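# Summary of structural features
What follows is the residue order along each chain.
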Amino acid sequence: MHRAVPLQVNHPENPESKPFQLTIQKIQGFKRPTNNTTLSFTITGNLFYLGQTERQFFGRTYESPRINIDFQADGINYDHQAITIYYHTKISQNRETQLLVILELQLYEAQESLVIKRYPVGWSEILALQITNQAQKLQLRKGSPRVLLLQSTFNFDTLPITMFADITLSQPFQNCYHLIPENTLCGFGDEVPGLKKGFIIDDFDQQKTTTAFLSNVQVLVPENIDLEIQKQVLKYRAYKYRMPEDSKQDVRIVNRKLVIAFHNGWTFVNARGEQNYVPLGDTRMVVTENVEGKSYQFKILQYQGVLDVNNISVSDQNNNSGLLVALLQYDVTYTTNAVNKYNMTLVVGWIPIFINNKLGGEEIIDEDFIIGPGKAASGQPLVQLPEYPLKLRGTLNLQGQFQMQEIINKDSNRSDQIQRPQQSQLNQMSMQRQSIQIQGQMQGQMLQGQMQGQMQGQKQGYTQGQMQGQMPQQFQQQQLDTDIRTQVKLKELEAQLYRVQEENERLRRLHIQSRQDEIKQQELFKTIEQLREENRMVMFTQSKQYEGLERMIKDTKQAALSTSNSGRHPIIESESYPDHVQIKNIDSYGYPIPIATLKPIPKLDFYNQTLIDFEEIDVKEDRILQIENDDERKDSIFMITPKALTQYPFDQQPSKSVYFTFHFYDLPVYQTPMLKLEFHNDDRDFKFNIENGNPLRLLINNEEYNFKFEINTSSNRYYNLHLDLAKYLYQKHMIVDIWDSDSMLLFGSAKIPLSGLLRQGKQSASMMNEFEIIDMAKQQIRGKLQINIRNIGKIGQKSDIMDATIINKTLNNLDKAEGVAKKKIIVEKPINREIVPEHKEINEQNRIKERINKLKQQNLQQFAKSTKKSEQLRTVYEVQKFKESQKPSLLKTILQGFIQNEKILNVFSGKSEVIPYYYKNTQSTSTQVNIIIEDPDSSYLTYQEFLAVSNPLEWQYWVKKRNYPEPHSYEIVKMREINKKAQFFMMLEPGEEVTFLLKFLSFRIIDTKIVGEANAEDIALTRGKDYIEKYMNNRYITVCLQNIDGKIIDGIRVQIQPHQLPTDHVLRFFERDNRQVRLNLPPLFQQEQQNKPTLHVSDHKVMVEWSTDNNYIRLNLKVGDVCTIQRFSVIAYKDQYQHSIYGHWKVEVHALNGVDLEVPLGQKVAARLTLPSDVQRNVNIIPANNRVIQFDKTFAQNLPLLPGKINLIPFQVRTIKEGKQSIQINCVDYNAQELIHAWLLNINSIAQQPSAVYEIRCMEGREFRQQVSYKNQTSYLAQFQITSSSEFIKLVDPIISCGPYETVNFKIRVLPTQDMDVKLFLNDTEERIFDTLLLKIKYVD
């Protein structure tokens, strides 16, 4: 939206705004460039108010497109396009003041459409209100027009460049200047929605307009909103008039209004603008609704009429024509004493309603208001209330016409309503009468014209159907004409009343200041009462006309029914109202979910930041998760759009392009492409927005970038995935890292709470919030990130191979059942066995042995056939080796033929999981049952990941936690070690039943490239032992139960599906390479703990040291080579069995080339870096702190490296921070955008003794100015540059000149702060002299 700075000076005004056209016809004085470049220019315009005491730039800055200068063959004469600027204003001419248009000229030199040079030329001014008969000659001046703000006269140096410009009144612009705000410059190249061509091109034909109608208006507000607004007014009154907040003076809510206006991006273009409102009446009804998992009680504010908004531009759906803006306002009066009474209007919330793709239709509106803090689209501040949801509901008609219908819904649901006892049928009738009166003035003449035309048509023999078919255009035109006349008359009356009220308010303020008599004020009150009485009479007359029209409608209906044989219903039916007003519950599934309120999160307290959040007992969590579990939309799609980035000015160069890395749930870390910030090519606008803290949009190819995370529970065969995802959204944060694309330096990180994405039964949920970006290494807030995230639910598709949902549902019922649930599956690779003749009677045991022998024989025969004769002579060792390699696949094939039970176990790396297994001894004697676990990865690992729970204490822990059946003894399962491998067995009595537990725990990481693939197990085997020791993938583990004779009596096949553990924190450390370091982690808890949690570090080379209070951790490790990153995980457990987790933290240790420097504090010192290079390339050298480290442009940007040599890179160091500090410097490949080398500059600054000490006493809480004297101790003239070590000391004279042994004074500003010592550093321009002054700042009351 285009914003215009208002004029803050009282000035005389004309009753009507005048349109002006400023035309720059010709600019003389340009010279053709000597090189092969083209010349172009732009004109920038601003309005300037020049008074005797007040001077101000205001309005909007207009910047023309680049205009090419076409030189002729002689190289002297040239032509260019004329530039027109339009504006309209009510400011009148005055002898004492002048209104100027300041014009600034900028030149561009380009070569093949690439700008290679840009420089400002000069400026000039012209009287904005003076009509010229011919073009004026304007001589350009050097410098900046900002000097006009100074209260002094200057002699400006002129340039040999002149402009010829004239100012005229523009009649074509007057027809459409309502599309542009007052005192706003616009011109050639500006896009103005509402114009037929969309741009200002000397053609001001307007687009067709339509009218929108809003009916069935309901605003849902919390019950206690009136009390909260009164509290805000009391705070404001206490602040402004120094009154206590508990004062008994009256604070009263006079009116509640809903404003609907149309904004085209420049201003409100509808009639009455922001004054297009309707009053909202309190229905005294309460409805209970669920918003984001919380239950609220809303009271309903309702308007039963129709609110129209005209002048809505009708344009192509792809082009932006504007939007509707809804404002919820409260008019409040308050008193400061028995005499003085004040009025104020508070904006509670606003809603943007986009209508581009809705024109010509009708839509149900169900939107949430955007609440404070912040501003509405009108620029008005929003009242900062607690986080209460506010809703707007109604019917938006964009068909251009509105037929009268019943506004109150008959088929409403009353299940959630609480009818208050004060409501009665009398109140219902009074509300209906008020609605009739409000609609009367808009609809009265229209209905009367329609009924007259209908009666005339019946007299001429037309039936109602014929009249509808043959005369629609006549009725529509008559309806439109009468409606417009009625609206114009009503709006003129209301505008007159508003102007009188506004004048009364202005005079009331003047009366308070100047104590005038009350005669004029009383006259104004009489005028207002007279206008109000006239308005009431008009309303009463219209209501009487409406009653007459009702009778006419009834008579006409009877006449139409008696004369018409078609039996059709009449065109307009009389309204019938129910006895009790009810609210219709709108199904939220059918409508888009509104964007959440944009709220800043609280600032981070670095000193209280802990790794483990304090766990509060949340009684709402179970209910919220139950709603998510009951939702049939199990699958989720998360749409993420980084909107804008705000950067705070710091020592580091502002980033012009960034990329993001997202840590979300158990998905792989996602990295976005490079996103450029808005105005990244325009240094002036970019610098202006950075200095003013404005958010800049993040764009890729001039468009917003969005991506999605899709989580399908059905395809993952993970039954509880949707529930675990809901817990993650409710409890955890998404970590977003922002990196500078040019320097590859970490800009900062943001933690985004995700509880607002819980859909709670809705089709989708979205949030658009602004989050602070934190640089944890520097303990600074670097900026803010605006991001839009949407969670869309969908119903998943069932798997074609196997119904995974049924399998997992069966497995999920294990916790409640006594026995093990089993699911038969189809064997993908059937066992290769020969058919046994039916007449042979073989017992089961011999049959199994025979089958095994035949398989062995068959595989050996195939092996013998596949080899050459010369290779058939094998040693016993080779045959044994072959048998060992074929054993896993052979056992797997054989066991698949017997084991028909399968379970799917979803595991997380670093978190233990168990599954119960039920078995009953059917033998008549005591039996020893051996638990045989065949894990294909066990031969490659030093420990077993899958085993039976044999520890009695651990068994009791799982039984209590999961409600598993208790055994008669927790010592049934025994463990013994055979060949360094744990074997498990149990002794069972005849008929004894037991549900023992199988536990899985792995600390290997997940290979995200192949996880979830059907052949992941085979891929892992082909990659060898080193790969399997590091990565965990999908695989099958077989568990067999054998008796003492070796017979398999039962078994199960467990499919392992691994997942990554969600990340709670990412901790990065930048350390010197090849050094043993100790890394201090932030505290774990906010208070001291008696027992330390169980820790696991994924890297066995990292040692952990604990503090005495069990709250701090120190990691001891050796850093790797330069530009390497050591990544490992630290997991903190609540229990010793490694299931309940406090947190999972990823640690990254970046190895940098260390350089140590010792420099004097405040003095510039030269140094250099060494950079070896193996190939030829161009690089950029970028430091993390540009104020301390400075490179010459020759060595900093696009520096060519010589291959096979050590390159020397000089730089300068100057720091004003005493002590030690570390600064990172990155070397990035210019073309590949790849990090080549990195240094860690460890600076130790040493302060020298000051030559003088000054003690300054300041008033507490006030700014103080002081003169400081300094004597030049040298025998020659020197120019000194002064630098302060504190940002609270500002130098008025940063550069001073001193003669030999001369003493000079310079001024400083001391900003309000606390007692401190500040050093001033003085350097001469040639760096031959260096001196230090010490200021002792003390504050007194």
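As shown above, the structure is provided for reference.
Only a predicted model underlies this, so the values are computations on that prediction, with no experimental measurement involved.

This brings us to the pairing of strand E65 (residues 1303-1310). Alternating residues of E65 divide into Val1304, Phe1306, Ile1308 and Val1310, all buried, and Thr1303, Asn1305, Lys1307 and Arg1309, none buried. With 8 bridges connecting them, strand E61 (residues 1264-1271) and E65 associate as antiparallel partners. Pairing of lysine 1271 across the sheet is with threonine 1303, part of E65. Examined bridge by bridge, strand E63 (residues 1289-1291) and E65 share 3 bridges and lie antiparallel to one another. Note that in E65 the partner of isoleucine 1289 across the bridge is valine 1310.

Attention now goes to the sheet that holds strand E62 (residues 1278-1284). One open sheet holds the 5 strands; their spatial order is E60-E67-E66-E62-E64, and the pairing between them is mixed. Taken across any chain shown, the strands that pair with only one partner, and hence form the sheet edges, are strand E60 (1252-1259) and strand E64 (1295-1298). Pairwise comparison of adjacent strand axes, ignoring direction, gives a mean angle of 30° for this sheet. Sheet topology places E60 next to strand E67 (residues 1330-1340); 8 bridges connect them, and they run parallel. Residue pairing across strands places arginine 1257 opposite lysine 1338, the latter belonging to E67.

This paragraph deals with the sheet that holds strand E38 (residues 946-948). Across the sheet, which stays open at both edges, the 3 strands sit in the order E36-E41-E38 with antiparallel pairing between neighbours. Edge positions in the sheet fall to strand E36 (913-920) and E38, since each of these pairs with one other strand and no more. On average, each strand axis in the sheet is inclined to that of its neighbour by 25°, with strand direction left out of account. Note that E38 and strand E41 (residues 993-1000) share 3 bridges and pair antiparallel. Looking at E41, one finds that alanine 948 is bridged to leucine 998. Sheet contacts for helix H14 (residues 952-962): E36 and E41; angle to E41, the most-contacted strand, approximately 95°.

Buried residues of H14: Glu954, Trp955, Trp958 and Val959, and no others. Looking down the long axis of H14, one finds its buried residues gathered within 135° of arc, a one-sided arrangement. The exposed residues of H14 that point more than 90 degrees off its buried face are Leu953 and Lys960. Lining the buried residues of H14 we find E36, strand E39 (973-978) and E41. In this structure asparagine 951 caps H14, since a side-chain oxygen of it lies 3.2 Å from the backbone nitrogen of leucine 953. Note on H14: the residue one or two positions beyond its end, asparagine 963, has a positive phi of about 60°.

Pairs may arise between side chains of opposite charge once their charged atoms sit close together. Throughout the structure, instances matching the rule amount to 39 salt bridges. The closest approach of N and O atoms between aspartate 935 and arginine 1035, which form a salt bridge, is 2.8 Å. Separated by 100 residues along the polypeptide, aspartate 935 in the loop between strand E37 (927-934) and E38 and arginine 1035 in strand E44 (residues 1035-1042) bring together distant segments of the chain. For aspartate 935, a relative accessible area of 9% corresponds to the buried category. Three or more residues joined by partner-sharing salt bridges are found here, namely Asp935, Asp937, Glu945, Arg1004 and Arg1035.

Another aspect to go through is empty space enclosed by the protein. Under the counting rule described, the total for this entry stands at 11 cavities of 30 Å³ or more. Of all the elements in the fold, those that place two or more residues in the lining of the largest cavity are strand E25 (635-647) and helix H10 (721-731). When residues of the lining of the largest cavity are assigned to their parent elements, the largest contribution, 4 residues, is made by H10. For the lining of the largest cavity, the residue count by class is 5 nonpolar, 3 polar and 4 charged.

Now for the environment of methionine 344. Positionally, methionine 344 belongs in strand E20 (residues 341-354). Looking at methionine 344, the relative accessible area reads 17%, which means it is buried. Once residues lying within four places of it in the same chain are set aside, the contact partners of methionine 344 are Val233, Tyr236, Tyr330, Asp331, Val332 and Tyr334.

Structurally, serine 170 is set in the loop between strand E11 (158-169) and helix H1 (171-174). Discounting residues that sit within four places of it in the chain, serine 170 has contacts with Pro19, Gln21 and Tyr86.

So, on to helix H8 (residues 683-691). Given 3.6 residues to a turn, an α-helix orients residues that are three or four positions apart in the same direction. Those residues of H8 lying buried are Asp685, Phe686, Asn689 and Ile690. Seen end-on, H8 carries its buried residues on one side only, within an arc spanning 130°. Exposed and facing more than 90 degrees away from the buried side of H8 are Asp683, Lys687 and Glu691. Packing partners of the buried residues in H8 comprise E25, strand E28 (675-677) and strand E29 (696-699). Glycine 693 lies just past H8 and shows a positive phi near 65°.

Definitions and cut-offs
- Residues numbered from 1 in each chain as written.
- Predicted model: local features only at pLDDT ≥ 70, side-chain atom pairs only at ≥ 80, totals over all residues.
- Heavy atoms only, no water.
- Buried < 20%, exposed > 50% of the residue type's maximum accessible area, 1.4 Å probe, protein only.
- Helix = DSSP H or I, 4+ residues; strand = E, 2+ residues; numbered from the N terminus.
- Pairing = 2+ DSSP bridges.
- Axes fitted to C-alpha atoms, helices over the stretch in contact; angles between N-to-C directions.
- Contact = heavy atoms within 4.5 Å.
- Arc of directions from axis to C-beta.
- Polar contact = N/O pair within 3.5 Å; in protein donor to acceptor, adjacent residues only side chain to side chain.
- Salt bridge = Lys/Arg side-chain N within 4 Å of Asp/Glu carboxyl O.
- 1 Å grid on protein atoms, 1.4 Å probe; cavity = no way out; pocket = protein on both sides within 12 Å on 5 of 7 lines; lining within 4 Å.
- Points joined across faces, edges and corners; volume = space filled by probe spheres on them.
- Nonpolar A, V, L, I, M, F, W, Y, C, P; charged D, E, K, R; others polar.

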